[in-house]
Amino acid sequence: MNNQIDPFFFQQEEQQDFNLKTLIFKYLAYWKWFVASIVVAIIAAFIFLSYQTPQYLVKNSILIKDEKKGLGQDAMLKELDIFTSNKVVENEIEIIRSYTLLENVVKNLNLNISYIVREGIRHRDLYKESPVKLQLINPLETIYDQPLELVLKDNGQAELNGKTISLNKVTQTPYGTLLFIRTGLNKDIKQLHIVLQPITAVAEAYQAQLNVETTNKMASVLVLSLITNVPQKGKDFLNNLIEEYNKAAINDKNKVAAITLEFIEERLKLIAGDLSTVERNVEDFKSREGITDISAESKLFLESIKENDTKLNEVKIQQSVLNDIEKYVRAKNNSNGTVPATLGISDPTLLSLIKSLSDLELKRASSIKVVRADNPIISALDDQIVGLKQNILDNIQTLKSSIATTRYKLENENSRMETMIRTVPRKERELVDISRQQAIKNNLYLFLLQKREETALSYASAVPDSRIIDSARSSSGPVKPVKRNIIVLFGLLGLAVPFGIIYLIELLNDKITKRTDIEERTKAPILAEISYDQHDEVLVVSKKGRSVLAEQVRALRTNLQFLVPGCKLKTLLFTSSISGEGKSFISLNLGASLAMTGKKTIILELDLRKPKLQKYLELSNPRGISNYLIGQFDLNELISKVPGQDNYYIMTTGPLPPNPAELLISARFEELMNTLKDRFDYIIIDAPPVGLVTDAQIMEPFVDATLFVTRHQYTPKERIKMVDALYKEKRFKNLHLIFNGIKDGGQYGYGYGYGYGYYAEQESQQKVFH
């Protein structure tokens, strides 16, 4: 039967057993850290919340009359308002959030001045409840550098940053000319912090905080919202913002109507003068010629000519309007203003271009208040205005060409009519000419009067293109900070801190903490794992001992038969990388375990530099291996029995030699090993660490197997690379590892019961550590 076992059997078995359990138990071992950290984090959360000022959500809503979404004006209002414009919801959102409107609101409500009072550990903004009100008569720039500390007194005076001033009286201060007015509110408040900010900064801050959005894609309802620590301030801000928005819309309409009225009035004065002259001419002619009526043929010609002259006059008006518009476009240089009236112009393309030009100029005028003239936004608007003006000029030239053709045809028709009129008797012809001029002027006068009334009605009936649905209202409770979220966040932080610390500790730890630390760095097989324990006795292996540690040593003894299948092991070398890894303890107890099987066993204390076995066993024999190697004593004089053990012998170091390596390479050492192999079944060598001296390598030719001891939380990880090099280069026969001193518990993922718990014996406090 083949008893050969894969040398990596133990490694594969451990690798297959997994990881999640190890990770969980590793962190559970620090459960006290986690509990303490979470408790501290929760306390910190409550402290943090106590310092936070509650924030409230304030919002209102308006309806934009957007004809694209079926919400236009009433038909009657449309007839009265000849200057109405269709609103686009997306554009109105940007207008509401514009800096100009917000700046006006800040000025109206004096939002750049805050009156702060301390209440316990928090500060409260008094807003309209302040006992004093500050008016800036002629402030200096330094007023914004620091808060004004105002202490009120009962005699009508106060202290402003330590200097006495009078209330209700214009006062010259280091911050400029100011006026502090008593409001009669909150008379018990005696100390205030007055914080002043530039209006531009406050407007920009509100612009960043203000949220304007539609309720859905198909609706033209806008919801304005703002988060503030003073609900009333938020309400006043949103309500005043809507007022400013509607006021700006009405002002825009009225500006267009005013320019149109001015144009009509000027034209009426000219037409009225012409009409008076023509009427006097008719009266003079009839009186002079004694004419009271004209023939039916003359009337027919008169009606035809009147109609033709009316069209010709409309064409002339259109040409005049086009000339005015062309003059406006060519003369203006990107400055704000309103284009001339477009009476008589019905071309939709030109009207649309003029409307776009007016909108761009108004937008540029608003933007130039916020940014400099060389800003890319202004440059882009200027480019659009220049391009749009060129399009308007091109369109005007096309219209002028078309109107000129029409005028040419109408004038030709007039010439034809006049030729026909010449057939009428002279008096009638002259009367027709004079009456025709009268009719033309009269019709034009009536047309202008009608347009003037329409414009006046539109001016008087201008209404905003929005309607308030809900006035500003505040949320019933604070929306920030959210107590639950803060507590959860701090709780998670309380969990994360121990995790991070533990992870950092492991990251910085260069010692072996788990089996995988060894397996990742070397292919050398792990023969056994020995757990950490505390004992009074250095020899834990005895006939009656059934402790976990003793059973693990017995398991190591059993595994020895698999090191070299088919061959009998006789000599075992124990070494390590550094001192203190427990090789002396394990080698001593393994020897005791082998002796218990009836095999004659000897352990050689060949750590000639720092021996420990003689001290552990409390032996007083001053002679040892060093004496034999220099030829002072016979072998039988140096071999001693291990106290309390059958079949178990020891050769101690003896006096520490100055040249251990030279003694080990002498012929006496080879003779010693050959003699002991004849007399003993097992020879165990406790050698010095291989990472420090070469003694172990000198002994290697005389051994059958090498057991390299590593210690949990003690052996540096880098030392395992040295073991791997020794293993790959085969410098030691049958090199195997023993993982020693593994601490029990979830911290390291180890729980060594092995089913031997019922063998555990009562143990006292620590005396010897392996």
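Residues numbered from 1 in each chain as written. Predicted model: local features only at pLDDT ≥ 70, side-chain atom pairs only at ≥ 80, totals over all residues. Heavy atoms only, no water.

### Concerning the overall build of the chain
What counts is decided by this rule: Helix and strand definitions follow DSSP, with helices as H or I runs of at least four residues and strands as E runs of at least two, each counted in order from the N terminus. Under the scheme applied here, a residue whose accessible area is under 20% of the maximum for its type counts as buried, over 50% as exposed, and between as partly exposed, the area being computed with a 1.4 Å probe on protein chains only. Contacts between residues were defined by any pair of non-hydrogen atoms, one from each residue, lying within 4.5 Å. For every accessible area listed, the method is Shrake-Rupley and the probe measures 1.4 Å; residues are considered covered only by the protein chains on display.
In terms of regular secondary structure, the chain is built from 22 helices and 23 strands. The buried share of the chain, reckoned over its 770 residues, is 43%. Within the chain, counting contacts between residues at least 6 apart in sequence, those at least 24 apart form 79% of the total. Working note: accessible area of the chain is about 39,800 Å², and carbon and sulfur atoms make up 52% of it.

### Points about the packing of helix α6 (residues 99–109) against helix α7 (residues 199–209)
The condition that has to hold: Fitted lines through C-alpha atoms serve as axes, helices being fitted only where they are in contact, and the angles separating the N-to-C directions of these axes extend from 0 to 180 degrees. Each crossing is labelled by how the near helix is turned from the far one, with a counterclockwise turn of less than a right angle marking it left-handed and a clockwise turn marking it right-handed. As a working rule, the residues Ala, Val, Leu, Ile, Met, Phe, Trp, Tyr, Cys and Pro are called nonpolar, Asp, Glu, Lys and Arg charged, and the rest polar, with Gly in that last group.
At their nearest, the axes of α6 and α7 sit 9 Å apart, and the two run at 120° to each other. Here α6 runs over α7; the crossing is right-handed. Note on element contacts: α7 touches α6 through I199, T200, V202, A203, E204, Y206 and Q207, opposite Y99, L102, E103, V106 and K107. For the contact of α6 with α7, a count of residues per class yields 7 nonpolar, 2 polar and 3 charged.

### Thoughts on the sheet that holds strand β4 (residues 132–139)
Cut-off, in case you're wondering: Here, any two strands with at least 2 DSSP bridges between them count as paired.
Taken in spatial order, the 3 strands of this open sheet run β4-β9-β8, and their pairing is antiparallel. Looking at which strands have only one partner, the edges of the open sheet turn out to be β4 and β8 (170–173). Strand after strand, the sheet turns through a mean of 30° between neighbouring axes, direction not considered.

### Some remarks on the environment of A365
Tracing the chain through its elements places A365 in helix α10 (residues 348–367). A relative accessible area of 17% places A365 in the buried class. On a C-alpha basis, the gap between A365 and I378 in space is 9.3 Å, while along the polypeptide they are 13 residues apart.

### Some points on the nonpolar core
The line we're drawing: Throughout this description, the term nonpolar core refers to a set of buried Ala, Val, Leu, Ile, Met, Phe, Trp, Tyr and Cys residues connected via side-chain atoms within 4.5 Å.
Within the largest apolar cluster, 42 residues are counted, with the highest numbers of intra-cluster contacts made by L604, M651, F669, L676 and I685. Mapped by element, the contributors of at least two residues to this core are β17 (601–605), α18 (625–629), α19 (660–664), α20 (667–679), β20 (682–686), α21 (695–699), α22 (717–728) and β22 (735–742). In contact with L676, other than residues within four places in its own chain, are I602, L604, L635, I639, M651 and I683. The next biggest cluster of nonpolar side chains, apart from the first, holds 36 residues, and it includes A592, L619, I650 and L707.

### Section: a nonpolar patch on the surface
Defined as follows: Here the term patch refers to residues with relative accessible area over 30% and no salt bridge, with like charges joined within 9 Å and nonpolar side chains (Val, Leu, Ile, Met, Phe, Trp, Tyr) within 5 Å. The term salt bridge refers to a side-chain nitrogen of Lys or Arg lying within 4 Å of a carboxyl oxygen of Asp or Glu.
A cluster of nonpolar residues, W31, V35, V39, I43, I47, Y51 and I121, forms a patch on the protein surface that exposes about 680 Å² of accessible area. On the basis of relative accessibility, which here comes to 43%, the residue V39 falls in the partly exposed class.

### Here we look at the pattern of salt bridges
Per the stated rule, a full pass over the model turns up 25 salt bridges. Of the charged contacts in the structure, one is a salt bridge between D510 and K511, with a shortest N-O distance of 3.1 Å. When its relative accessible area of 25% is taken as the criterion, K511 is described as partly exposed. One salt bridge in this structure joins D724 and K728, with 3.0 Å as the shortest N-O distance. Here K728 and D724 lie together in helix α22, a separation of 4 residues that amounts to about one turn. Taken together, the shared-partner salt bridges in this structure form one network comprising E119, R124 and E129.

### Describing the sheet that holds strand β12 (residues 221–228)
Strand pairs in the sheet, formed through backbone hydrogen bonds, run parallel or antiparallel to each other. Strand order in this open sheet of 4 strands is β11-β12-β1-β13, and the pairing throughout is antiparallel. If you trace the sheet from one side to the other, it starts and ends with β11 (211–214) and β13 (466–474), each paired once. The average undirected angle you get between the axes of adjacent strands in this sheet is 20°. Summarising the sheet, strand β1 (residues 56–64) and β12 pair through 8 bridges and their orientation is antiparallel. Its bridge partner lying in β12, V58 is registered against L226.

### What to know about the confidence of the model for the chain
Interpretation of the predicted coordinates at a detailed level should be avoided for regions scoring low in pLDDT. The following threshold applies: Scored from 0 to 100, pLDDT reflects the predictor's confidence in each residue.
The predicted model of the chain has a mean per-residue pLDDT of 81, with 84% of residues at 70 or higher. The model gives residues 1–18 a pLDDT under 50, and that stretch makes 21 contacts with residues more than four places away or in other chains. Within the model, the stretch residues 69–85 combines pLDDT values under 50 with 37 contacts to residues more than four positions away or in other chains.

### A word on α6
Because each turn of an α-helix spans 3.6 residues, side chains separated by three or four positions end up pointing in the same direction. In terms of residue burial, α6 counts as a mostly covered element, since 8 of its 11 residues are buried. Within α6 the residues assigned to the buried category are Y99, T100, L101, L102, E103, V105, V106 and L109.

### Describing the packing of aromatic side chains
Keep this limit in mind: Classification of ring pairs uses Phe, Tyr and Trp, with its six-membered ring standing for Trp, and accepts pairs whose centres are within 6.5 Å; under 30 degrees between planes counts as stacked, over 60 as edge-to-face, and the remaining range as tilted. Lysine and arginine charges are scored as sitting over a ring when NZ or CZ, respectively, is within 6 Å of the ring centre and within 35 degrees of the ring normal.
Enumeration over the complete set of coordinates arrives at 8 aromatic pairs. Aromatic pair F48 and F490: ring centres 5.6 Å apart, planes at 40°, arrangement tilted. Here F48 is found in helix α3 (residues 31–51), whereas its partner F490 is found in helix α13 (residues 483–508), with 442 residues between them in sequence. For F48, a relative accessible area of 32% corresponds to the partly exposed category. Judged by relative accessible area, F490 falls into the buried class, the value being 17%. Centroid distance F669 to F702: 5.2 Å. Interplanar angle 80°. Geometry classified as edge-to-face. Here F669, found in helix α20, pairs with F702, found in the loop between α21 and β21 (705–711); they are 33 residues apart in sequence, far enough to count as distant. Accessibility assignment for this pair places F669 and F702 in one class, buried. Put simply, the rings of Y27, F34 and F499 pair up and form one aromatic cluster. Above the plane of the ring of F680 lies K600, whose end atom (NZ or CZ) is 5.0 Å from the centre.

### Quick word on the pairing of β11
Of the pairings in the sheet, the one linking β11 to β12 comprises 4 bridges and is antiparallel in character. Paired with V212 across the bridge in β12 is L224. Hairpin remark: β11 followed by β12, antiparallel, with 6 residues in the connecting loop.

### Here we look at the packing of α3 against α13
One can describe the packing of α3 onto α13 by two numbers: an axis separation of 8 Å at closest approach and a directional angle of 145°. Judged by the sense of rotation from one axis to the other, the crossing of α3 with α13 is right-handed. A breakdown of the residues in the contact of α3 with α13 according to their chemical character gives 20 nonpolar, 3 polar and 1 charged.

### Side note on α7
Spelled out, the test is: Note that the arc is computed from the directions linking the helix axis to the C-beta atoms.
Taken as a whole, α7 has its buried residues at V202, A203 and Y206. One face of α7 carries all of its buried residues, which in axial projection span an arc of 100°.

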